[in-house]
Amino acid sequence: MATLGIPQNTIEILQKYDFHFQKKYGQNFLIDTHVLEKIVRAAEITAEDFVLEIGPGIGTMTQYLCEKARRVVAVEVDRKLIPVLEETLSGYDNVAVLNEDVLKIDIAELAQEYNQGKPIKVVANLPYYITTPIIMGLFEAHVPLESITVMVQKEVAERMQAAPGTKEYGALSLAVQYYAKAEVVANVPPNCFMPRPKVGSAVIRLTCHKDRPVTVSDEAFLFRVVRASFNQRRKTLVNGLGNDAALGVTKEQAVQALEKMGLQPDVRGERLSLQEFAQLSNLLL
Ligand code: SAM
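Reading guide: rules and limits
Residues numbered from 1 in each chain as written. Predicted model: local features only at pLDDT ≥ 70, side-chain atom pairs only at ≥ 80, totals over all residues. Heavy atoms only, no water. Axes fitted to C-alpha atoms, helices over the stretch in contact; angles between N-to-C directions. Helix = DSSP H or I, 4+ residues; strand = E, 2+ residues; numbered from the N terminus. Left-handed = near helix turned anticlockwise from the far one by under 90°. Contact = heavy atoms within 4.5 Å. Nonpolar A, V, L, I, M, F, W, Y, C, P; charged D, E, K, R; others polar. Domains from an automatic or database assignment. Buried area = accessible area lost by both parts, 1.4 Å probe. Salt bridge = Lys/Arg side-chain N within 4 Å of Asp/Glu carboxyl O. Core = buried A, V, L, I, M, F, W, Y, C linked by side-chain atoms within 4.5 Å. Buried < 20%, exposed > 50% of the residue type's maximum accessible area, 1.4 Å probe, protein only. Arc of directions from axis to C-beta.

Peer 1: Sorry if this is basic, but what is going on with the packing of helix 7 (residues 154-161) against helix 8 (residues 171-179) here?
Peer 2: For the pair helix 7 and helix 8, the least separation of the axes is 7 Å and the interaxial angle reads 65°. Read as a crossing pair, helix 7 and helix 8 show a hand that is right-handed. Listed contacts from helix 8 to Val156, Arg159, Met160 and Gln161 of helix 7 are Leu172, Ser173, Val176 and Gln177. Among the residues making up the contact of helix 7 with helix 8, the classes are represented as 4 nonpolar, 3 polar and 1 charged.

Peer 1: Is there a simple way to think about the packing of helix 6 (residues 131-140) against helix 8 in this case?
Peer 2: A pair of packed helices can be characterised by two numbers: the angle between their axes and the separation between those axes. One way to put it is that helix 6 packs onto helix 8 with a least axis distance of 10 Å and a crossing angle of 35°. For the element pair helix 6 and helix 8, the recorded crossing hand is left-handed. Taking contact as the criterion, the partners of Thr132, Met136, Phe139 and Glu140 in helix 6 are, on helix 8, Leu172, Ala175, Val176 and Tyr179. Looking at side-chain class alone, the contact of helix 6 with helix 8 contains 6 nonpolar, 1 polar and 1 charged residues.

Peer 1: Sorry, what's going on with the domain arrangement of the protein here?
Peer 2: Interfaces are often sized by the amount of accessible area the parts lose when they come together. Domain assignment breaks the protein into domain 1 (7-208) and domain 2 (219-284). On a C-alpha basis, the centroid separation for the pair domain 1 and domain 2 is 34 Å. Between domain 1 and domain 2, the contact holds 13 residues from the first and 14 residues from the second. For the pair domain 1 and domain 2, the two sides together bury roughly 1,000 Å², of which 67% comes from carbon and sulfur. On the domain 1 side of the contact with domain 2, Tyr169, Leu174 and Tyr178 bury the most area, a combined 50% of that side's loss. Across the domain 1-domain 2 interface, the total number found is 0 salt bridges. Its residues assigned to classes, the side of domain 1 that touches domain 2 comprises 7 nonpolar, 5 polar and 1 charged.

Peer 1: Which parts of the structure should I look at to understand the nonpolar core?
Peer 2: Across soluble globular proteins, nonpolar side chains show a tendency to be buried alongside one another. Leu52, Phe139, Phe277 and Leu280 are the most contacted members of the largest nonpolar core, which has 70 residues in total. Looking at which domains feed residues into this core, each of domain 1 (7-208) and domain 2 (219-284) supplies at least three. Counting 37 residues, the second-largest nonpolar core is a separate cluster that includes Ile31, Ile45, Ile58 and Tyr92.

Peer 1: Could you clarify how one ought to interpret unusual backbone geometry in this entry?
Peer 2: With the exception of glycine, most residues fall at negative phi, and the peptide bonds are largely trans. The omega angle of the peptide bond from Met194 to Pro195 is -10°, so this bond is cis rather than trans. Relative to the elements of secondary structure, Pro195 occurs in the loop between strand 8 (193-194) and strand 9 (201-208). Non-glycine residue Gln116 carries a positive phi angle of around 50°. Along the chain, the position of Gln116 falls in the loop between helix 5 (107-115) and strand 5 (120-125). In this structure Gln116 comes out as exposed when scored by relative accessible area, which is 52%.

Peer 1: Could you clarify how one ought to interpret helix 5 in this entry?
Peer 2: An α-helical turn contains 3.6 residues, so any two residues separated by three or four positions project in the same direction. Of all the positions in helix 5, only Ile107, Leu110, Ala111, Tyr114 and Asn115 are classed as buried. Along the long axis of helix 5, the arc covered by the buried residues comes to 100°, so they all point the same way. Among the exposed residues of helix 5, those pointing more than 90 degrees away from its buried face are Glu109, Gln112 and Glu113. Along its buried surface, helix 5 packs onto strand 2 (50-54), strand 3 (71-75), strand 4 (95-98), strand 5 and helix 6. Within two residues after helix 5, Gln116 carries a phi angle of roughly 50°, on the positive side.

Peer 1: Would you mind showing me how to read the environment of His142 here?
Peer 2: You can see His142 is positioned in the loop between helix 6 and strand 6 (145-153). Distance in space between the C-alpha atoms of His142 and Tyr92 is 30 Å, their sequence separation being 50 residues.

Peer 1: Is there a simple way to explain the pattern of salt bridges in this structure?
Peer 2: Side chains that differ in charge, positive against negative, can pair when their charged atoms come close. Tallying each qualifying case throughout the model produces 9 salt bridges. For Glu183, the salt bridge goes to Lys181, with nearest N and O atoms at 3.6 Å. Taking the shortest distance from any N to any O, the salt bridge between Arg212 and Glu219 comes out at 3.9 Å. Via salt bridges that share partners, Asp49, Lys121 and Glu146 belong to a single interconnected network.

Below is the structure:
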């Protein structure tokens with residue numbers, strides 16, 4: 001039964017195990033059944049699905065996932081939570097809890113073992129201190145992915161979803177949108193968590209592209225160009241590229257490439273779409 005989302009039940013289990021929240025692990029547990037239902041609905045989990053949950057905490061969302069999915073693997077770094085999870089998930093035989101650091105495990109191998117290498121769904125209320133490494137790690141390790149539905153810091157969700165020309169648009173928007181379509185599903189206030197985080201939160205769904213939306217000769221070079229372009233936000237793209245010695249692109253080469261694309265030499269990085277960055281990186285290579 002999925003009931004830990006009721007605050008009193010969370011408090012009871014925390015007291016029973018004398019559990020103390022660890023700031024260093026980004027522990028903010030969900031205590032709002034509406035938000036939990038919204039996340040699980042947005043993830044569109046079916047009885048065929050394998051779901052990876054990152055950071056199950058006391059198992060609040062894990063219970064919902066176990067009700068819907070064929071198989072759930074939950075990766076939790078804090079060993080003090082393992083006995084708690086043993087109790088809260090004892091009613092389910094389709095879940096495995098791994099006491100590991102998610103950044104250190106081979107998730108592609110996990111997908112192979114539990115889902116025969118077919119695309120998996122990732123669902124989580126993420127520890128905010130490692131949101132970007134977790135998400136980019138999943139993409140860059142070429143884990144077979146169908147979707148990632150996660151709670152993140154509100155500003156981070158906005159950056160992931162941002163379109164060119166907005167102030168939130170940057171390297172993270174481009175990196176995420178290269179791999180997935182990003183949609184904010186819900187904004188979630190601090191009072192839906194225990195303890196309350198100092199920042200606002202949002203649920204974002206990343207639906208992974210089956211085929212990349214752009215074609216580039218060198219993926220790694222595209223992202224180096226993107227990073228250099230946003231390195232000095234108030235500078236022009238040409239200066240950003242020219243000042244990044246490791247990139248090996250001169251300002252003259254950058255101006256020429258922009259000219260070929262019909263763009264002004266003083267254009268800023270935040271004006272260029274993913275398609276334009278792909279074209280630029282192909283021209284500069
Ligand atoms: N899913 C629970 C919920 O919604 O109530 C807990 C979410 S809490 C924001 C983040 C969880 O991730 C915590 O349980 C924390 O211990 C765990 N965590 C933090 N760093 C981790 C890591 N490197 N690997 C795996 N889990 C981690």
